[in-house]
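Descriptive structure summary
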Amino acid sequence: MATLADLEKMIGRMALGDRAAFTSLYGSTSAKLFGVSLRILNDRAEAEDALQEVFVKVWHNAGRYQSNGLSPMTWLITIARNHAIDRLRARKAGGAQMDEAADIADATPGPEALAMAGSDRARIVACMGELDPARSDAVRRAYLMGDSYAELAARYDVPLNTIRTWLRRSLLKLRECLSR
Amino acid sequence: MTTTAEREDDWTLTAEYALGLLTPAESAAFEDRLAVDPAFRADLADWHESFARLTDGIDPVTPPPGLEDRLTERLFGVPERRGLLRRLGLVPALAGGLVAALLVLFVTNQGLLTGPDVPEGPIYATEMATPAGDLVVRAAYDPATGTLALDRDAGAAPPGRSLEVWLIADGADPASLGILSDDPRTDLTVAADHRAAMPGGLLALTDEPAGGSPSGAPSGAPIASGTVRILEL
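In this text, all values refer to a predicted model and were calculated from it rather than measured experimentally.

For chain B, the helix and strand inventory stands at seven helices and nine strands. The contacts of chain B with a sequence gap of at least 6 include a subset with a gap of at least 24, amounting to 57%. When the accessible surface of chain B is summed, it comes to about 10800 Å², and 56% of that surface belongs to carbon and sulfur atoms.

Strand-to-strand pairing in sheets goes through backbone hydrogen bonds, with the strands running parallel or antiparallel. Residues and elements named next belong to chain B. Spatially, four strands are ordered β5-β4-β7-β8 in an open sheet, and the strand pairing comes out antiparallel. Sheet topology places β5 (175–179) and β8 (224–227) at the edges, where each strand pairs with a single neighbour. Within the sheet, the average angular offset between the axes of one strand and its neighbour, ignoring direction, is 30°.

Moving on: the confidence of the model for chain A. When pLDDT is low, close inspection of the predicted coordinates is not appropriate. With 83% of its residues at a pLDDT of 70 or more, chain A has an overall mean of 83. The spread of mean pLDDT over the elements of chain A runs between helix α5 (residues 118–130) of chain A, the lowest at 76, and helix α2 (residues 19–41) of chain A, the highest at 95.

The interface is formed by 64 residues belonging to chain A together with 52 residues belonging to chain B. Connecting chain A to chain B are seven salt bridges. In this structure, Glu26 of chain B and Arg164 of chain A form a salt bridge, with 3.0 Å as the shortest nitrogen-oxygen distance. At the boundary of chain A and chain B, one finds 16 residue pairs in polar contact (both at pLDDT 80 or more). Elements that contribute at least two residues to the side of chain A that touches chain B include exactly α1 (4–15), α2, α3 (44–61), α4 (72–93), α5, α6 (133–145) and α8 (160–178) of chain A. Examining the composition of the side of chain A that touches chain B, we find that 14 residues originate from one element, α2 of chain A, more than from any other.

Each pair of packed helices can be summarised by the angle the axes make with each other and by the distance between the axes. Residues and elements named next belong to chain A. Packing of α1 against α2 brings their axes to within 8 Å, and their N-to-C directions diverge by 140°. The crossing of α1 and α2 is left-handed. Facing Leu7, Met10, Ile11, Arg13 and Met14 of α1, the residues of α2 in contact are Ala21, Phe22, Ser24, Leu25, Ser28 and Thr29.

Residues and elements named next belong to chain A. One pass over the full model with this rule turns up one disulfide over all chains. Here Cys127 pairs with Cys177 through a disulfide, and the sulfurs are 1.9 Å apart. One quick way to see it: the torsion about the S-S bond of Cys127 and Cys177 is about -80°, and its sign makes the bridge left-handed. You can see Cys127 sitting in helix α5 and its partner Cys177 sitting in helix α8, a full 50 residues away along the chain. Across the pair, exposure class does not vary: Cys127 and Cys177 are buried alike.

Before going further, it helps to spend a moment on the nonpolar core. Counting 77 residues, the largest nonpolar core has Leu25, Leu33 and Leu174 of chain A together with Phe51 of chain B as its most contacted members. Broken down by element, this core gets its largest block of residues, ten residues, from α2 of chain A. Not counting chain neighbours up to four residues away, the residues in contact with Phe51 of chain B comprise Val139, Tyr143, Leu171 and Leu174 of chain A together with Ala15, Ala18 and Leu19 of chain B. Counting residues in hydrophobic clusters, the runner-up holds 20 residues, among them Met128, Leu148, Val165 and Met198 of chain B.

Residue and element names in this part refer to chain A. Relative to the assigned elements, Asp147 resides in the loop between α6 and α7 (149–156). The exposure class of Asp147 is buried, given its relative accessible area of 3%. At 2.8 Å, the side chain of Asp147 and the side chain of Arg141 are in polar contact.

With 16 residues, helix α1 (residues 4–19) of chain B should reach 22 Å at 1.5 Å per residue; the first-to-last C-alpha distance of 23 Å fits that figure. Listed in full, the buried residues belonging to α1 of chain B are Asp10, Trp11, Thr12, Leu13, Thr14, Ala15, Glu16, Tyr17, Ala18 and Leu19 of chain B. For α1 of chain B, the elements touching its buried residues are α4, α6, α7 and α8 of chain A together with α2 (24–36) and α3 (38–52) of chain B. Positive backbone phi, approximately 80°, marks Gly20 of chain B, located one or two places after α1 of chain B.

A few words now on the packing of aromatic side chains. With the rule as written, the count across this model stands at eleven aromatic pairs over all chains. Plain terms: the ring middles of Phe22 of chain A and Phe55 of chain A are 6.0 Å apart, the flat faces sit at 90° to each other, and that makes the pair edge-to-face. Taken as a pair, Phe22 of chain A in helix α2 and Phe55 of chain A in helix α3 lie far apart in primary sequence, 33 residues in all. A single burial state applies to Phe22 of chain A and to Phe55 of chain A, both of which are buried. For the ring pair Phe30 of chain B and Phe40 of chain B, a centre distance of 5.2 Å and an interplane angle of 90° mean the geometry is edge-to-face.

Turning our attention to unusual backbone geometry. Residue and element names in this part refer to chain A. Non-glycine residue Asn42 carries a positive phi angle of around 55°. By the secondary structure assignment, Asn42 is in the loop between α2 and α3. Within the chain, Asp157 stands out as a residue other than glycine whose phi angle is a positive 55°. Relative to the helices and strands, Asp157 resides in the loop between α7 and α8. Under the relative-accessibility criterion, Asp157 is labelled exposed at 69%.

With that settled, the discussion passes to the packing of α7 of chain A against α8 of chain A. Residues and elements named next belong to chain A. At a minimum axis distance of 9 Å, the contact between α7 and α8 shows a crossing angle of 100°. Compared by their axis directions, α7 and α8 come out roughly perpendicular. Counted together, Tyr149, Ala150, Leu152, Ala153 and Tyr156 of α7 and Leu160, Ile163, Arg164, Trp166, Leu167 and Arg168 of α8 form the full contact between these two elements. Split by residue class, the contact of α7 with α8 holds nine nonpolar, no polar and two charged.

Parameters at a glance
Residues numbered from 1 in each chain as written. Chains lettered and ligands numbered in written order. Predicted model: local features only at pLDDT ≥ 70, side-chain atom pairs only at ≥ 80, totals over all residues. Heavy atoms only, no water. Helix = DSSP H or I, 4+ residues; strand = E, 2+ residues; numbered from the N terminus. Contact = heavy atoms within 4.5 Å. Areas by Shrake-Rupley, 256 points an atom, 1.4 Å probe, with all protein chains shown as cover. Pairing = 2+ DSSP bridges. Axes fitted to C-alpha atoms, helices over the stretch in contact; angles between N-to-C directions. pLDDT = per-residue confidence, 0-100. Salt bridge = Lys/Arg side-chain N within 4 Å of Asp/Glu carboxyl O. Polar contact = N/O pair within 3.5 Å; in protein donor to acceptor, adjacent residues only side chain to side chain. Left-handed = near helix turned anticlockwise from the far one by under 90°. Disulfide = S-S within 2.5 Å. Buried < 20%, exposed > 50% of the residue type's maximum accessible area, 1.4 Å probe, protein only. Core = buried A, V, L, I, M, F, W, Y, C linked by side-chain atoms within 4.5 Å. Expected span 1.5 Å × (residues − 1). Phe/Tyr/Trp six-rings, centres within 6.5 Å; stacked < 30°, edge-to-face > 60°. Parallel < 35°, antiparallel > 145°, perpendicular 65-115°, else oblique. Nonpolar A, V, L, I, M, F, W, Y, C, P; charged D, E, K, R; others polar.

Spelled out as structure tokens, the structure:
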């Protein structure tokens, strides 16, 4: 099981072109990132393509990791999430119908094999729990499904400006809870 | 002076940016501010940390085994070495990576770069260590002479056994390079037909009967290995 320090070391070595470090990082994190890609894209073949692209980005950007202030798993998950969301939006723009998502309201932490800050983990779940369920669901949809304001407005059947005000208030509440 | 309302606006704007909810024009304007304001960047990092936790409920799914090979080939143009490693049951031994400076020190200490035999071309090096660190062998390879200098830092062959050095190149069967001597330092000469495969090749150690593998192939999985890489000097 790779610790946070292990992952940072691997990324640091990758920045110097160490392929063995890349292999180690892939071994330690690919299952989590594949899980995230699969959840967002809900298509195995596309998730496999996405995972490849993600690790190509990770390899090429390893040198910039140090400066972004993120923990290694957050950096990796954010790259994987953003890439999957980009693909999802491209798919939506192409007119294909998006499958109804799996139960995204269920954010119960599963058995996590990767190094993460335990207190942070509990905190976001607790803070999301303080939001009105529909609003925390909207935040989740934006993050895990890439829903736009227009899509959220349609989903919750409220005007665009209302959904934006709604979500911004939820984000502010979330921020206040997280910084408590 | 930033008012609370402005501060709150900035927080939510940063979160909207992290979620990808801004329009392209809004995103571009935000990125302009991000570029010059460290406080924004710190906020953004905080939001990313928080949002990433939303994936905690997503279980890991092991990707198909072929994916890593395709990825490695795409990035490094080195197909199938992984496949061979897997077949040998090898765990990447360089998990922690190795520090080039240490190697420079090692090569220098070994006299490879001093005296009359200073190599003119590049030097390649690697380290082979067991996960527990009870056997550590460092290697430096001089392509000009075909000399592989092995330095046993820790550990030794079990009594009555030999440690055999193998070169594992792309798609080829492991080739024996020789046996580690009882001295801490062993110099081997790599046979001419294996030299081309040394840079980027994998060196591995196996535990063999005294004198080396009787079959000419490794008797078991490597106990330590390392990829031979160029040493930037």
